[in-house]
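So you can see what is in the structure, the chains are spelled out below.
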Amino acid sequence: MLSIITPVYNGEKFISIYSNAIKSQKLGKDQYEIILVDNGSTDASYSILIEQFRECKHVTIVQFTKKQSSYAARNYGVELSRGNILVFTDIDCVPSNDWLTMAYTLSLHKGQNVILSGRIVQSIKNNENVFELYDSIYFLNQEKKSVNNEGVTANLIVPRGVFIDVEGFKEFTSGADSLFCNHAVEKGYDLVYSPELIVGHPCRSSYCEIKDKSNRIAFGIAETIIETKGNTTYSFFYNLIGSVLNLHQIKTIFTYIKKNGFLKILTIQFIFTSIYFGMYTRLNISKNIFI
């Protein structure tokens, strides 16, 4: 049995689309359950969830306000779940209609020692919106992350035994999913990128949305550094230098520009946006280490 765990925080504008995608799944409802965990939303998310899934007996909707963390909410959802296969996604994701069928089939085929990271298709509404472009390049690329034994919970399938052995997610602000995958691989489990598992995800389209995402990343990396490395002085200087000399970021910018042949004005906007948020995030990491 599959257990789909989805945290929700102020996601009212996404719930209807998510609901339609989940209700369109081809897999029989007797083969999966859905746990929706409202993580202290201040909008109408919880009441909308109740209304959207009122007649769905295989859907459980709960509130978790003990800690503001999507990973804490996921851990709580796992505690309530019954399935031997845990399927993670987010409220702003749009799973393909065969997503759960593929998750079920691949999980049976790969066995109980394999984590599956699925493909995330970023949707751009406006090709001239530099923030959507930035979001599509730098976030949620599962294929690239899997090379580094990382994965994100927008589309991640984990056997329950693996989740228990790794002791769940660290309840960080951001990045605990990739850290979880790192720890699982260190313990001898496999992480396999599976492009057949597809969910859609809208690109962030404004400065504020990218800034909020960058803030979460900065806090999450700082939390990881403090827990796993301990050498805050080294980390401070490393990230300070990285804010100016980020060769990977520069390479990514120019590779994408060469491939897509942007207009001059969009090229300039994209370069400056990328460098700005790269510096912003890394300086925030250095600052947050000492909080």
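Residues numbered from 1 in each chain as written. Predicted model: local features only at pLDDT ≥ 70, side-chain atom pairs only at ≥ 80, totals over all residues. Heavy atoms only, no water.

*Asks:* Tell me about the overall build of the protein, and name the residues and values.
*Replies:* Looking only at helices and strands, the protein has twelve helices and eight strands in total. Whereas a compact globule of 291 residues would reach a radius of gyration of roughly 19 Å, the protein reaches 19 Å, a difference of no more than 12%. Its C-alpha atoms give the protein principal-axis dimensions of about 55 × 45 × 40 Å. The burial tally for the protein puts 49% of its 291 residues in the buried class. (Helix = DSSP H or I, 4+ residues; strand = E, 2+ residues; numbered from the N terminus. Rg over C-alpha atoms; globule rule 2.2 N^0.38 Å. Buried < 20%, exposed > 50% of the residue type's maximum accessible area, 1.4 Å probe, protein only.)

*Asks:* Just give me the short version of the nonpolar core, but keep the residues and values in it.
*Replies:* One finds Leu2 and Ile4 to be the most contacted residues of the largest nonpolar core, which totals 38 residues. Among the elements that line this core, the one with the most residues is helix 4 (residues 99-110), at four residues. For Leu2, the contacting residues outside a window of four places in its chain are Leu27, Gln31, Tyr32, Glu33, Ile85, Val87, Leu100, Ala103 and Tyr104. Residues Ile35, Ala72, Ala176 and Cys181 belong to the second largest nonpolar core, which totals 26 residues. (Core = buried A, V, L, I, M, F, W, Y, C linked by side-chain atoms within 4.5 Å. Contact = heavy atoms within 4.5 Å.)

*Asks:* Go over the pattern of salt bridges, please, and point to the residues and values.
*Replies:* Tallied over the entire structure, the rule returns six salt bridges. A salt bridge links Arg74 to Asp90; its shortest N-O distance comes to 2.7 Å. With Arg74 in helix 3 (residues 70-80) and Asp90 in the loop between strand 4 (85-88) and strand 5 (94-95), this pair connects stretches of sequence that are 16 residues apart. Comparing Arg74 with Asp90, the two get one shared label, buried. Across the pair Lys187 and Asp165 runs a salt bridge, and its minimum N-O distance is 3.8 Å. (Salt bridge = Lys/Arg side-chain N within 4 Å of Asp/Glu carboxyl O.)

*Asks:* Could you give an account of the environment of Lys57, with specific residues and numbers?
*Replies:* If you trace the backbone, Lys57 turns up in the loop between helix 2 (45-52) and strand 3 (59-63). As a C-alpha pair, Lys57 and Ser194 span 137 residues in sequence and 30 Å in three-dimensional space.

*Asks:* Lay out the sheet that holds strand 7 (residues 156-159) with the relevant residues and their values.
*Replies:* Paired through their backbone hydrogen bonds, the strands of a sheet run either parallel or antiparallel. Strand order in this open sheet of eight strands is 3-2-1-4-7-6-8-5, and the pairing throughout is mixed. Here the strands that pair on one side only, and so sit at the sheet edges, are strand 3 and strand 5. Where strand 2 (residues 32-38) meets strand 3, five bridges bridge the pair, whose relative direction is parallel. Across the sheet, residue Leu36 finds its bridge partner in strand 3, namely Ile61. (Pairing = 2+ DSSP bridges.)

*Asks:* Describe helix 1 (residues 12-23), with residues and values.
*Replies:* In this model, helix 1 (twelve residues) spans 17 Å end to end at C-alpha, consistent with the 16 Å of a helix rising 1.5 Å per residue. Listed as buried for helix 1 are Ile15, Tyr18, Ser19, Ala21 and Ile22. Taken down its axis, helix 1 places every buried residue within 165 degrees of arc, on the same side. Packing partners of the buried residues in helix 1 comprise strand 1 (2-8), strand 2, helix 2, strand 5 and helix 4. (Expected span 1.5 Å × (residues − 1). Arc of directions from axis to C-beta.)

*Asks:* Explain a nonpolar patch on the surface to me, using residue names and the numbers behind them.
*Replies:* Taken together, Ile250, Phe254, Ile275, Met279 and Leu283 make up a surface patch of nonpolar side chains, about 390 Å² in accessible area. Sort the elements by how many residues they give to the nonpolar patch and helix 12 (residues 264-289) lands first, with three residues. Position of Leu283 among the secondary structure elements: in helix 12. By relative accessible area, Leu283 is classed as partly exposed at 39%. (Patch = residues over 30% accessible without salt bridge, like charges linked within 9 Å, V, L, I, M, F, W, Y side chains within 5 Å. Areas by Shrake-Rupley, 256 points an atom, 1.4 Å probe, with all protein chains shown as cover.)

*Asks:* Tell me about unusual backbone geometry, and name the residues and values.
*Replies:* Peptide bonds are trans in most cases, and residues, glycine excluded, mostly fall at negative phi. Positive phi is not limited to glycine here, since Leu140 has a value of about 65 degrees. Position of Leu140 relative to the elements: it lies in the loop between helix 5 (130-138) and helix 6 (142-147). Here Asn149, not a glycine, exhibits a phi torsion of approximately 60 degrees, which is positive.

*Asks:* Describe the side chain of Glu132, with residues and values.
*Replies:* Mapped onto the elements of the fold, Glu132 is located in helix 5. Within the buried core, Glu132 has no salt-bridge partner, and the shortest N-O distance to an opposite charge, that of Lys125, equals 7.2 Å. In this structure the side chain of Glu132 is engaged in a polar contact, spanning 2.8 Å, whose partner is the backbone nitrogen of Lys125. (Lys, Arg positive; Asp, Glu negative; His and termini not counted. Polar contact = N/O pair within 3.5 Å; in protein donor to acceptor, adjacent residues only side chain to side chain.)

*Asks:* Give me the lowdown on the packing of aromatic side chains, citing residues and values where you can.
*Replies:* Tallied over the entire structure, the rule returns 16 aromatic pairs. A network of ring pairs unites the aromatic residues Phe131, Tyr134, Tyr138, Phe139, Tyr207, Tyr276, Phe277 and Tyr280 as a single cluster. The aromatic ring of Tyr71 is capped on one face by Arg74, whose charged end is 4.9 Å from the ring centroid. Here the basic side chain of Lys213 rests over the ring of Phe139, its NZ or CZ set 5.5 Å away from the ring centre. (Phe/Tyr/Trp six-rings, centres within 6.5 Å; stacked < 30°, edge-to-face > 60°. Lys NZ or Arg CZ within 6 Å of the ring centre and 35° of its normal.)

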